[in-house]
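Architecture and fold: a report
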Amino acid sequence: MEIVSFCFSLGLTFLAVAWRSKVMAVLPGYQGTCKLIHRAADCNRKHLTSVPQDLPGITEELFLDFNEVRTLTNSSLLRYIRMWSLSLSQNNVELIEPGTFLVSKRLSVLNLQGNCVYVNYTVTAAALRGVPTLRKLDLSKNYLTEDMATTLLQNLSTLESLSLARNVLMRLDSMTFADLVELRELSLERNYIYEIEAGTFEAMQRLQRLNLAYNQITCIVGFRLTQVRVLNISYNSIEWFLSDESSNEFDLETLDLSSNQLLFFPLLPKRNKLRSLLLSDNRMNFYEKRYNATLVKDGTVKFIVISNNVTNVTAVNIWEDITVGNVSSLNFLDMSKNEFWYLPEGFLAMMTSLSQLKLNHNCFQSIHLTELEPPGSLVELDLSQNQLLELRVDPDSNNVLPNLRTLNVSTNKLNMLPAQLFNHMKYITTVDLSYNHLDLCPRIVQTDKGEDQVCTDFRNIISLKHLYLAGCGLVVTRAFSGTSLTHLDLSNNYGALIMGTRPLQDVALTLQFLSLRNTGLSSNNIDIDFSWFQSLQILDLSENSLAHLPQSLSNLQLRTLNVRSNRLRSFPMQMAQQKLGKSLHTLYLSQNPYDCCMLTWWNFLMNLRTVHIADDWLVTCNHSSKILRAMQLSETIVQSCRWKMTDTTLMYLVLILPTSLTLLVALVIVFLTFKERILKVVKRRCRTSRSY
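What comes next concerns the included structure. Computed from a prediction, not measured in an experiment: that's the story for all the values here. (Residues numbered from 1 in each chain as written. Predicted model: local features only at pLDDT ≥ 70, side-chain atom pairs only at ≥ 80, totals over all residues. Heavy atoms only, no water.)

1. Regarding the sheet that holds strand β37 (residues 626-629)
Through backbone hydrogen bonds, the strands of a sheet pair up, either in parallel or in antiparallel fashion. Under the convention used in this document: Criterion used throughout: strands pair if DSSP finds at least two bridges between them. In this description a helix means any DSSP run of H or I spanning at least four residues, a strand means any run of E spanning at least two, and both kinds are numbered starting from the N terminus.
Strand order in the open sheet formed by 3 strands is β34-β36-β37, with mixed pairing between adjacent strands. Where the open sheet ends on each side, the last strands, each with one partner, are β34 (594-595) and β37.

2. Here we look at the packing of aromatic side chains
The relation between two aromatic rings is expressed through the spacing of the ring centres and the mutual angle of the planes. The test is simple: Two rings belonging to Phe, Tyr or Trp (six-membered ring only in the last case) form a pair when the distance between their centres is within 6.5 Å. Interplanar angles under 30 degrees mark stacking, angles over 60 mark edge-to-face geometry, and anything in between is tilted. Under the scheme applied here, a residue whose accessible area is under 20% of the maximum for its type counts as buried, over 50% as exposed, and between as partly exposed, the area being computed with a 1.4 Å probe on protein chains only.
Per the counting criterion, the structure on display carries 18 aromatic pairs. Between W240 and F264, the aromatic rings sit 5.0 Å apart at their centres with planes inclined by 25 degrees, giving stacked as the arrangement. Placement of W240 in strand β16 (residues 240-243) and of F264 in the loop between β17 (254-256) and β18 (276-278) is noted, with a sequence separation of 24 residues between them. Grouping residues by exposure puts W240 and F264 together as buried. Taken together, the ring pairs connect F265, F286, F340, W341, Y342 and F347 into an aromatic cluster.

3. Observations concerning helix α2 (residues 121-128)
The periodicity of an α-helix, 3.6 residues per turn, causes residues three or four positions apart to be oriented the same way. We count it as follows: Note that the arc is computed from the directions linking the helix axis to the C-beta atoms. Every residue pair with non-hydrogen atoms within 4.5 Å of one another is taken to be in contact.
Among the residues of α2, those classed as buried are T124, A125, A127 and L128. Seen end-on, α2 carries its buried residues on one side only, within an arc spanning 160 degrees. At its buried positions, α2 is contacted by β6 (95-96), β7 (109-111), β8 (136-138) and α3 (146-152).

4. Brief notes about unusual backbone geometry
Along the chain, E373 connects to P374 via a cis peptide bond; the corresponding omega equals -10 degrees. Tracing the backbone shows P374 in the loop between β23 (366-369) and β24 (380-382). The residue T411 is not glycine, and still its phi comes out positive at about 55 degrees. Here T411 shows up in the loop between β26 (406-408) and β27 (430-432).

5. A closer look at the state of the cysteines
Spelled out, the test is: We call a pair of cysteine sulfur atoms a disulfide whenever their separation is within 2.5 Å.
This model, assessed by the stated rule, comprises 4 disulfides. Bridging C34 to C43, the disulfide has an S-S length of 2.0 Å. Between C34 and C43, the disulfide has an S-S torsion of 115 degrees and is therefore right-handed. As far as the burial class goes, C34 and C43 line up, both buried. The disulfide that involves C597 links it to C641, with 2.1 Å between the sulfurs. Between C597 and C641, the S-S dihedral sits near -75 degrees, and the bridge is therefore left-handed. Taken as a pair, C597 in the loop between β34 and α6 (600-607) and C641 in helix α7 (residues 635-645) lie far apart in primary sequence, 44 residues in all.

This is the structure in structure tokens:
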């Protein structure tokens, strides 16, 4: 057994020595300006004007970003024959001499972002053609035109990833990327592209990700890139998106058309694998109800596409709402920030796999929820920032949105919700009804017939965890019994807790986040008792009228406390020294009328390493009718405060005593000096005869 242990120890020692030798081989006592990490050299921001020649010859990755290199010569990289990655972003590279990469047989990643390649682009192109293994090339932000790009990309048939972002490309044709047969990822964002000729991307049969965002493209007609999986054309000026009407199968999974000028819902391929469709911030609408099809004789628009002397005509009826293509595989649909005021019947029913739907910031006034629309697969529904007056549910429906977990209808004009709406949603966890004028059940005033049902009922919804009711004009009753809320927002409901915190006791043990911002709380309120809220971690009491904090906060284990914009003159020292002070991590204190001469608590908190005052630079205090920053109190102010805090009786005694003693001594000296004269005067006056 001892022999086995000895052999095991000997083996470990041998491995350790071998590993150390390998490390020493990688870092052979280098003392230069760069930082070596294994076989990578970090030479960023070193004010270098050329490639350093004192690095280990086995360096595989070289980072020279943010330097002042202008030229790569034939001898710049001769030392680094094993290098596979070279980054020269944000330099002033104007020239790469032919033959620079002759010894770089392994170079596969080259980053030239943010340089001046345009100056000698023909010479640089010859140098790039000498890299037989190049896989990833970044030429972004080099002031390249389309002709320059075509020259630079000739014969780079091994490229798999290319970025031409932030250049000055305007037109693309079939010659631009003709040699990039292996390309999988192409970024052309932030150029000035306004025209893409047919056949531009035909050579790139392996292309999967194409980014055309932030350009000047006005329409996409006859889209036929069947191999592309992710297409980003956001932030252009696209008014039409019409895919090829063929039956070819498209691999498209993500299509981003947000922030364009789309007027109609895009016409998608008949056969696709689309999972995410982003259409936010456009001008889309449905028009069949606005322009009755029977009154419109011909609503067909024809698009003529001419390519290689072949003319193709695409005809679309612009008033036919349901002409949208195949959307059965969609998981995520974002139609926010458009002009929709209704959805065609059957539109959402086609999206049988939909899980997230965003319809916020539109013009909806009414939404009708049925068992089929939206589909039962929906998990998140956002209807916020509309003009909703009602949500309608079929009275006989028993299976409306059965899998919904998040519902947002904030900032609408709802006065009520359908009775028992949430009873259909067995998995609902988050509801946002903020900024609607709603009443909660049970109401304060009861009718003779029992409880008024024109109210929103959250009672006994076991799955509900997050509830946001900001700005609803509420007076809180025991509306949350039977729930296990962890997050509750009651902010901007002035007078919501007119009955104190007692109505919240049903969820006091589970609440972790509670916002009572701008609810009219004051120190005169009765029953502001937080002693029940033992799970509370975040409490917002800002924008109220509290002159002092409730003593019950002392025994809470809060992580974040917000008391901004109240009437506090100080922060209770005992709270900071009790359980609250030990658990508190973030504190907001600004916009309170603190007294500059009563900041002992402030100094204590600033020295308390465990508490972070997030708005410390905004905390001010009052001193002699002046508003001063607590972080910048001068020594003069501090001394002035010390005088104010001193006992005035003692101060006057200290001031009067020396004066009195001085006067007494002066009188004694005068008396002793003129003693004889004074006595004679007194004697003379005392001996004067008197008449009886």
